Amino acid sequence: ENMRFISKASEKEMSLLAAQMLAAVLKEKQRPVFAMPTGGTPVGTYKALVKLYQEQNLDFSKGIFFNVDEYEGLGRENPQGYYYFLHEHLYQYVNVAPKHTFAPDGKAGDLEQEAAEYEAKIDSFGGLDVAFLGIGRNGHIGFNEPADFFRYASSSVTLSEDTLRANARFFSDQKAVPRRAISMGAGTIMRAKSIILIAGSDKKDVIKRLKSCKDINPQFPASVLWLHPDATIISAEK
Ligand code: GLP
């Protein structure tokens, strides 16, 4: 089946639907493996998941959680880091098993080796069940920036000017925005059994572009999702 596009009236409804879909996988599978995104967009979904944990005892201890990406130079304890983000918005509130929450080590001396080890770690759990994703205005998924090719596996990446600008808002010192990162590859993401991508009302243009694009082009990374048999794109009108 082709990609499903679901448009919700509000970001709250978008977030809730994504949370319900993730919760369903947590309930159904024995040991589900998730890719977890950061950024402004998934905050509402993580809030909704915390609520499901508190009100319905949703059991996070069964899950394995992998950050989609991490900045170079930022360790787990760094508030601007992506592992920290997941801890701050989700992990600290639910019964995840800390040993089952993973992120690339942004402080690794050799980023390429760290990325390879990260990919191997994902493989050791049988690959991703769900790749939960946001999207960049330039169509990036994770930190897979527009490029000449799709990456098969996790790797170190150089961030585009576009992305540096978009993410500068999370840093008080603009010069502190890391220029490199480790990201799951398009291949890592495409090998997930299902994909759930959320896009708030600030992403209308890129979702429109994704909807109408029929060519799979690494210059527009999200276009690869058209090849996935079970991808759901949830966007918000307002
Ligand atoms: C960031 C992250 C992505 C995220 C995207 C959108 O750079 N690396 O994983 O999906 O850009 O972020 P936001 O939701 O803040 O717009």
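**Structural notes on the layout of surface pockets**
Here's step 1: Of the voids in this model, the largest pocket is the one considered here, and its volume is about 540 Å³.
Here's step 2: If you trace the largest pocket, you find 32 residues lining it, with Thr 38, Gly 39, Thr 41, Ile 135 and Lys 203 closest to the centre.
Here's step 3: Among the elements of the structure, α1 (11–28) and α5 (161–167) are those that each provide at least two residues to the lining of the largest pocket.
Here's step 4: Ranked by residues supplied to the lining of the largest pocket, first place goes to α5 with four residues.
Here's step 5: Among the residues forming the lining of the largest pocket, the class breakdown is eleven nonpolar, 14 polar and seven charged.
Here's step 6: The volume enclosed by the second largest pocket comes to roughly 250 Å³.
Here's step 7: Within the residue set of the lining of the second largest pocket, elements represented by two or more residues are α1 and α2 (43–56).
Here's step 8: Counting residues per element, the lining of the second largest pocket draws most heavily on α2, at seven residues.

**Describing the site of the ligand**
Here's step 1: Residues in contact with the ligand amount to 14 residues; listed here are only the nearest, Gly 40, Thr 41, Asp 69, Arg 169 and Lys 203.
Here's step 2: At 2.7 Å from an oxygen atom of the ligand is found a main-chain nitrogen or oxygen belonging to Gly 40.
Here's step 3: One of the side-chain N or O atoms of Asp 69 is found 2.8 Å from a nitrogen atom in the ligand.
Here's step 4: Relative to its unbound accessible surface of 390 Å², the ligand loses 96% to contact with the protein.
Here's step 5: Placement of the ligand is best described as lying within the largest pocket.
Here's step 6: Considered class by class, the residues forming the shell around the ligand number three nonpolar, eight polar and three charged.

**Regarding the pairing of strand β8 (residues 180–183)**
Here's step 1: Sheet analysis places strand β4 (residues 69–71) next to β8, joined by three bridges and oriented antiparallel. Looking across to β8, one finds that Asp 69 is bridged to Ser 183.
Here's step 2: Pairing of strand β7 (residues 155–158) with β8 involves four bridges; the strand directions are antiparallel. When the bridges of β8 are listed, Val 157 appears paired with Ala 181.

**Focus on the confidence of the model for the protein chain**
Any region with low pLDDT has predicted coordinates that should not be read closely.
Here's step 1: Confidence along the protein chain averages 96 in pLDDT terms, with 100% of residues attaining 70 or more.
Here's step 2: If you check the scores for this complex, the pTM reads 0.97 and the ipTM reads 0.92.

**Looking at the environment of Ala 236**
Here's step 1: Checked against the element boundaries, Ala 236 lands in strand β10 (residues 231–236).
Here's step 2: Sequence separation of Ala 236 and Lys 204 is 32 residues, and the distance between their C-alpha atoms is 8.2 Å.

**Things to note about the nonpolar core**
Here's step 1: Grouped together as the largest cluster of nonpolar side chains are 33 residues, with contacts concentrated most on Phe 66, Leu 197 and Leu 225.
Here's step 2: Counting only elements with at least two residues in this core, the list comes to β2 (33–36), β3 (64–67), α4 (111–124), β6 (130–133), α6 (186–190), β9 (194–199), α7 (204–212) and β10.
Here's step 3: One finds Leu 22, Val 25, Leu 26 and Leu 86 within the second-largest nonpolar core, a separate group that totals 32 residues.

**A few points about the sheet that holds β7**
Here's step 1: Here we have three strands laid out as an open sheet, ordered β4-β8-β7, and antiparallel in their pairing. The open sheet terminates on both sides in strands that have one partner only, identified here as β4 and β7. The average undirected angle you get between the axes of adjacent strands in this sheet is 30°.
Here's step 2: Most of the contacts of α4 go to β7, to which it runs at about 130°, and overall it touches β7 and β8.

Conventions used here
Residues numbered from 1 in each chain as written. Predicted model: local features only at pLDDT ≥ 70, side-chain atom pairs only at ≥ 80, totals over all residues. Heavy atoms only, no water. 1 Å grid on protein atoms, 1.4 Å probe; cavity = no way out; pocket = protein on both sides within 12 Å on 5 of 7 lines; lining within 4 Å. Points joined across faces, edges and corners; volume = space filled by probe spheres on them. Helix = DSSP H or I, 4+ residues; strand = E, 2+ residues; numbered from the N terminus. Nonpolar A, V, L, I, M, F, W, Y, C, P; charged D, E, K, R; others polar. Near = heavy atom within 4 Å. Polar contact = N/O pair within 3.5 Å; in protein donor to acceptor, adjacent residues only side chain to side chain. Areas by Shrake-Rupley, 256 points an atom, 1.4 Å probe, with all protein chains shown as cover. Sits in = over half its atoms within 2 Å of the grid points. Pairing = 2+ DSSP bridges. pLDDT = per-residue confidence, 0-100. Core = buried A, V, L, I, M, F, W, Y, C linked by side-chain atoms within 4.5 Å. Buried < 20%, exposed > 50% of the residue type's maximum accessible area, 1.4 Å probe, protein only. Axes fitted to C-alpha atoms, helices over the stretch in contact; angles between N-to-C directions. Contact = heavy atoms within 4.5 Å.

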